[in-house]
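# Understanding the architecture of this molecule
Take a look at the letters that make up each chain.
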Amino acid sequence: MRVNIQMLISHGRVARKMGLGPESRINMLRNILTGLVRHERIETTRGRADEVRFYAEKLIDYAKKGDTDEKAMKMANFWLTEKDLIPKLFKVLAPRFETQPKAYTRMARIPNRENLDRAAMAVLEYKGNPFPPLQTAKRDNELTLINQLLKGYREQRAQQAAAKRQDVL
Amino acid sequence: MMNSSGFVCFLRRSLLQLECRIIEATGLDRQFAPALAVHGPSILPHPHDEQEVTSEPSFLDNVFWMAAPKKRRTIEINRTRRRDPSFMLKVKTNIEPCVECGHLKQKHILCGFCYEKIRKETALIRGQIKAMEGRPLNTPAQETLVLYDSESPWESDKDKRIVERNRKRPSWFSIY
């Protein structure tokens, strides 16, 4: 094989390298995916969470084919190292996402890990998990001045409307 | 009579001395032929030639080609180099207070305080699940539902396994 300078420069290459090599990367992702299916919400480094997302969603797509499907069972058997999760995958996660076509996972960034490495962390979860939600719906703070004034105005209008109805009656 | 002869002798001696001195000064008394001439081979081993070749040309012999600063860098030049914007710490403009708790957070990252609350509650829920399962690798093929004090499951929740938590429902964990 001709070893040239282009091999050392990685301009435009999107595939991530993880661990000791491609096999090590797949093993690492398999472990993380097993943890995700078991706990439905995990914290890892950002790169790993991003990589696992693809495999997590593909696994759900395979699980939707049903557990009688040969290929789907082989995939589930390979990717889940703890075998008590295979029934959970086919009977809990696949029916949960029946109506959804695509986005089964949610990834959110977290402040850096507290260790010396200060690694960039992320939370990865399957949607519909039983735990408290990561992001509550954004409601404006009612105690700001503008919102208090608007609230007062709305109450005034409601009172006027009530008074008008009384007069009509 | 005695004075004149002595005087003549003195003159003669002084003149002879003067002549010797002049010859010495001009260098006419030196003879350029060798004192001793010997027949022998022209190439004789010279003692001063042997010292040259033994020592290798050392690195420091060619030091004249290396780069060296010509002048001392002035403090003004040093300052402009050290205070260049590429080395200074960058100011972050993406920090804002969290709407819920008021702690500072970056715009694209979850609030640390709020996430810590959620994480602790999740850990307690998981502790309950672990106690319910008993042994490891014992996950049931059922959905899970978390209920707090004085809460009962709905009609649609009958297939789910219920995880009880002995406290009031927190405000940030709504049922819906």
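Residues numbered from 1 in each chain as written. Chains lettered and ligands numbered in written order. Predicted model: local features only at pLDDT ≥ 70, side-chain atom pairs only at ≥ 80, totals over all residues. Heavy atoms only, no water.

## Section: the interface of chain A and chain B
Formally: Contact between two residues is taken to exist if any of their heavy atoms lie within 4.5 Å; hydrogens are not considered. Buried area counts how much accessible surface, traced with a 1.4 Å probe, disappears from two parts once they are put together, with both parts' losses summed. Here, a salt bridge means any Lys or Arg side-chain nitrogen found within 4 Å of an Asp or Glu carboxyl oxygen. Under the rule applied, a polar contact is a pair of N or O atoms within 3.5 Å (in protein, one hydrogen donor and one hydrogen acceptor; residues adjacent in sequence only if both atoms are side-chain atoms).
Contacts between the two partners involve 27 residues from chain A and, on the opposite side, 24 residues from chain B. Across the chain A/chain B interface, buried area totals approximately 2,200 Å², and carbon plus sulfur atoms make up 64% of it. Among the residues of chain A in contact with chain B, Pro130, Phe131 and Pro132 of chain A are the three that bury the most area, contributing 24% of the side total. Taken together, the connections running from chain A to chain B amount to one salt bridge. The partner of Glu143 of chain B in a salt bridge is Arg96 of chain A, with the nearest N and O atoms 3.3 Å apart. Inspection of the region where chain A meets chain B yields eight residue pairs in polar contact (both at pLDDT 80 or more).

## Considering the packing of helix 4 (residues 70-79) of chain A against helix 5 (residues 85-96) of chain A
Residue and element names in this part refer to chain A. We count it as follows: Axis definition: a line fitted to C-alpha atoms, limited for helices to the stretch in contact. Angles are taken between N-to-C directions and run from 0 to 180 degrees. Helix and strand assignments follow DSSP, with helices taken as H or I runs no shorter than four residues and strands as E runs no shorter than two, numbered in order from the N terminus. An angle counts as roughly parallel when it lies under 35 degrees, as roughly antiparallel when it exceeds 145, as roughly perpendicular when it falls between 65 and 115, and as oblique in every other case. Rotating anticlockwise by less than a right angle from the far helix to the near helix defines a left-handed crossing, while the corresponding clockwise rotation defines a right-handed one. Residues are sorted three ways: Asp, Glu, Lys and Arg are charged, Ala, Val, Leu, Ile, Met, Phe, Trp, Tyr, Cys and Pro are nonpolar, and all the rest, Gly among them, are polar.
At a minimum axis distance of 10 Å, the contact between helix 4 and helix 5 shows a crossing angle of 130°. Here helix 4 lies oblique to helix 5, going by the angle between them. Here the hand of the crossing between helix 4 and helix 5 comes out right-handed. Here Ala72, Met73, Ala76 and Asn77 of helix 4 come into contact with helix 5, specifically with Ile86, Leu89 and Phe90. For the contact of helix 4 with helix 5, the per-class residue count stands at six nonpolar, one polar and no charged.

## Section: the confidence of the model for chain B
Heads up, the rule is: Confidence of the predictor at the level of single residues is given by pLDDT, which spans 0 to 100.
Residues at a pLDDT of 70 or more form 81% of chain B, whose mean pLDDT is 85. As scored by the predictor, the complex reaches a pTM of 0.70 and an ipTM of 0.79.

## Brief notes about the pairing of strand 4 (residues 161-164) of chain B
Residues and elements named next belong to chain B. Quick reminder of the rule: Burial classification: accessible surface area is computed with a 1.4 Å probe over protein chains only, and a residue below 20% of its type maximum counts as buried, one above 50% as exposed, and the rest as partly exposed. DSSP-based pairing: two strands are paired if at least 2 bridges between them are found.
Here strand 4 shows a buried face lined by Arg161 and Val163 and an unburied face lined by Ile162 and Glu164. As judged from the four bridges shared by strand 3 (residues 144-147) and strand 4, these two strands associate in the parallel manner. Opposite Thr144, over in strand 4, you have Arg161 as the bridge partner.

## Description of the layout of surface pockets
The criterion, for reference: For each structure, a 1 Å grid was placed over the protein atoms alone; sets of points admitting a 1.4 Å probe that cannot get out are labelled cavities, open sets with protein on both sides within 12 Å along at least five of seven lines are labelled pockets, and lining residues have an atom within 4 Å of a point. Grid points are joined across faces, edges and corners, and a volume is the space filled by probe spheres set on the points.
Within this model, the second largest pocket holds a volume of roughly 550 Å³. Considering the residues around the second largest pocket, the lining is formed by 24 residues, among which Leu134 and Gln135 of chain A together with Cys98, Glu100 and Lys105 of chain B are closest to the centre. For the lining of the second largest pocket, the secondary structure elements donating two or more residues are strand 2 (105-110) of chain A together with helix 4 (112-133) of chain B. With four residues, the top contributor of residues to the lining of the second largest pocket is helix 4 of chain B. Of the residues in the lining of the second largest pocket, the class split is 13 nonpolar, three polar and eight charged.

## A few points about the packing of aromatic side chains
Heads up, the rule is: Pairs were defined over the aromatic rings of Phe, Tyr and Trp, the Trp ring being its six-membered one, requiring ring centres within 6.5 Å. Orientation was assigned from the angle between planes: stacked under 30 degrees, edge-to-face over 60, tilted for the rest. For a Lys NZ or an Arg CZ to count as sitting over a ring, it must be within 6 Å of the ring centre and within 35 degrees of the ring normal.
Within this structure, the stated rule accounts for six aromatic pairs over all chains. Relative to Trp79 of chain A, the ring of Phe78 of chain A lies with its centre 5.3 Å away and its plane at 90°, an arrangement referred to as edge-to-face. When its relative accessible area of 39% is taken as the criterion, Phe78 of chain A is described as partly exposed. Ring centres of Phe97 of chain A and Tyr104 of chain A lie 5.0 Å apart, and the angle between their planes is 45°; on these two criteria the pair is classed as tilted. For the pair Phe97 of chain A and Tyr104 of chain A, a shared accessibility class is recorded, and that class is buried. Members of the aromatic cluster, each reached through a chain of ring pairs, are Phe54, Tyr55, Phe78 and Trp79 of chain A. The ring of Phe131 of chain A carries the charged tip of Arg126 of chain B above its face, separated from the ring centre by 5.0 Å. For Arg169 of chain B, the ring lying beneath its charged end belongs to Phe173 of chain B, and the centroid distance is 4.9 Å.

## Examining the sheet that holds strand 2 of chain A
Strand pairing in a sheet takes place through backbone hydrogen bonds and is either antiparallel or parallel in direction. Ordered in space as 1-3-2 (chain A), the three strands form an open sheet in which the pairing is antiparallel. The sheet terminates laterally at strand 1 (41-45) and strand 2 of chain A, the two strands that pair on one side only. The average angle at which neighbouring strand axes cross in this sheet is 25°, direction not considered. Here strand 2 of chain A runs beside strand 3 (residues 121-126) of chain A; their pairing, made up of six bridges, is antiparallel. Bridged to Ile110 of chain A within strand 3 of chain A is Met121 of chain A. Sitting on the sheet, helix 4 of chain B touches strand 1, strand 2 and strand 3 of chain A, and the angle it makes with strand 1 of chain A is about 125°.

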